[in-house]
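One-letter residues, chain by chain:
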Amino acid sequence: MSRTVVRRRYTFAVLSVAVAALVVAGAGMGAVAIPPATVFSLLAGQLGLDIGPGASAIHESVFWSIRLPRLGLGLVAAGALAAAGVGLQAVFRNPLAESQVVGMSWGAAVGAAAVAVPGAAILGGPATPFAASVTALLFTLLAYRISRRGTRVEVVTLILAGVAINAIAASVVGLLVNVAERGRMRSFSFWSLGSLGGATWETVWMTLLFVLPAAALLAARSRRLNVLLLGDEEARHTGVDVERLRAEVLTAAALLTGATVAAAGVIGFVGLLAPHTVRMIIGPDNRALLPGSMLAGMVLLLAADLAARTAAAPAEIPLGILTALAGGPFFLWLLNRTRRAQGGWR
């Protein structure tokens, strides 16, 4: 067995254990504390097993109606954002590409706000994630069109285009929020900063409806994405339909991001932090990078959500603020590293 395979298996095992530990911690911590033994007892009860102490009616209600849907949405959203980051970095052949950087997240927020503000529910129903996915794709295609020169995407132009597109999209969302009913404005503003607080089982299933086929498409195209990293001409020589592949991956990334934004708001930098951390450990092969990044994204987002709920209790910090605090410095470091690798930008 090669060292690369051993490293991958070890990494997947560590990340899986970390995800499981964070799920147990997240299920137990909060305004109503649930001991770990009670958490295991509640989960075992669903399998017909009677182990551990019995749970009170309050613990049972909080666990199944509040904590578990929140954790479920966190797992789905984290996996979706990380997978979208892997796909965008491969398509743009750019280590800085990420949903928020290229304008995809705020583009999705425009679609979600356009459906939600006039009266539709922010969470629930297929209209909101579908609209968010469509506008996410449109805004990303705009950034791609602006930054592409020949067969390559210029790093600086992509970043500047993303900044401008994010500013435009955020302004549109702000205008829509201002025309909303006063009672809805506060909840929508909090959602726009990223939050898992409104999670329900309906939200989780609706998000999965968009995320699963998109993630499956990326997994099925992971081998071709490896070839695409060599360049468009090289990929064509191996029989890859580059334009079709690029369209498929961008559509999948838009579905992943749009569904997540519709359910949990704008949560940035997960698609940047998770893939790069895993890539430094197990290498750039997208066949392993995709599932590894999804696991790493779950660790990152569940840890951030746990901090958001407990750091300033009983108040809750918007999740997007914490991921930005972690991802912003990392993005600056990566930007400087990329500039050095390319000998500077002129």
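Look above for the structure.
One structure accompanies this document, and this report is about it.

The rules behind the values
Residues numbered from 1 in each chain as written. Predicted model: local features only at pLDDT ≥ 70, side-chain atom pairs only at ≥ 80, totals over all residues. Heavy atoms only, no water. Core = buried A, V, L, I, M, F, W, Y, C linked by side-chain atoms within 4.5 Å. Buried < 20%, exposed > 50% of the residue type's maximum accessible area, 1.4 Å probe, protein only. Helix = DSSP H or I, 4+ residues; strand = E, 2+ residues; numbered from the N terminus. Contact = heavy atoms within 4.5 Å. Patch = residues over 30% accessible without salt bridge, like charges linked within 9 Å, V, L, I, M, F, W, Y side chains within 5 Å. Areas by Shrake-Rupley, 256 points an atom, 1.4 Å probe, with all protein chains shown as cover. Salt bridge = Lys/Arg side-chain N within 4 Å of Asp/Glu carboxyl O.

## So, the nonpolar core
Point 1. The biggest cluster of nonpolar side chains holds 90 residues, and the ones touching the most others in it are Leu88, Phe92 and Leu256.
Point 2. Per-element accounting of this core gives the leading share, 18 residues, to helix 3 (residues 57–92).
Point 3. Non-local contacts of Phe92, meaning those with residues more than four positions away in its chain, are made with Ala97, Val102, Thr140, Tyr144, Val153, Leu158 and Leu250.
Point 4. One finds Leu96, Leu273, Phe331 and Leu334 within the second-largest nonpolar core, a separate group that totals 10 residues.

## Examining a nonpolar patch on the surface
Point 1. Taken together, Phe130, Val134, Leu138 and Leu141 make up a surface patch of nonpolar side chains, about 370 Å² in accessible area.
Point 2. Take Val134: it is sitting in helix 5 (residues 127–147).
Point 3. Overall, the relative accessible area of 36% leaves Val134 in the partly exposed class.

## Quick look at unusual backbone geometry
Point 1. With a phi angle near 50°, Arg93 is a residue other than glycine that sits in the positive phi range.
Point 2. Structurally, Arg93 is set in the loop between helix 3 and helix 4 (104–116).
Point 3. One non-glycine residue, Phe269, adopts positive backbone phi at about 75°.
Point 4. Mapped onto the secondary structure, Phe269 falls in the loop between helix 11 (242–264) and helix 12 (270–282).
Point 5. Residue classification places Phe269 among the buried residues on the basis of a relative accessible area of 12%.

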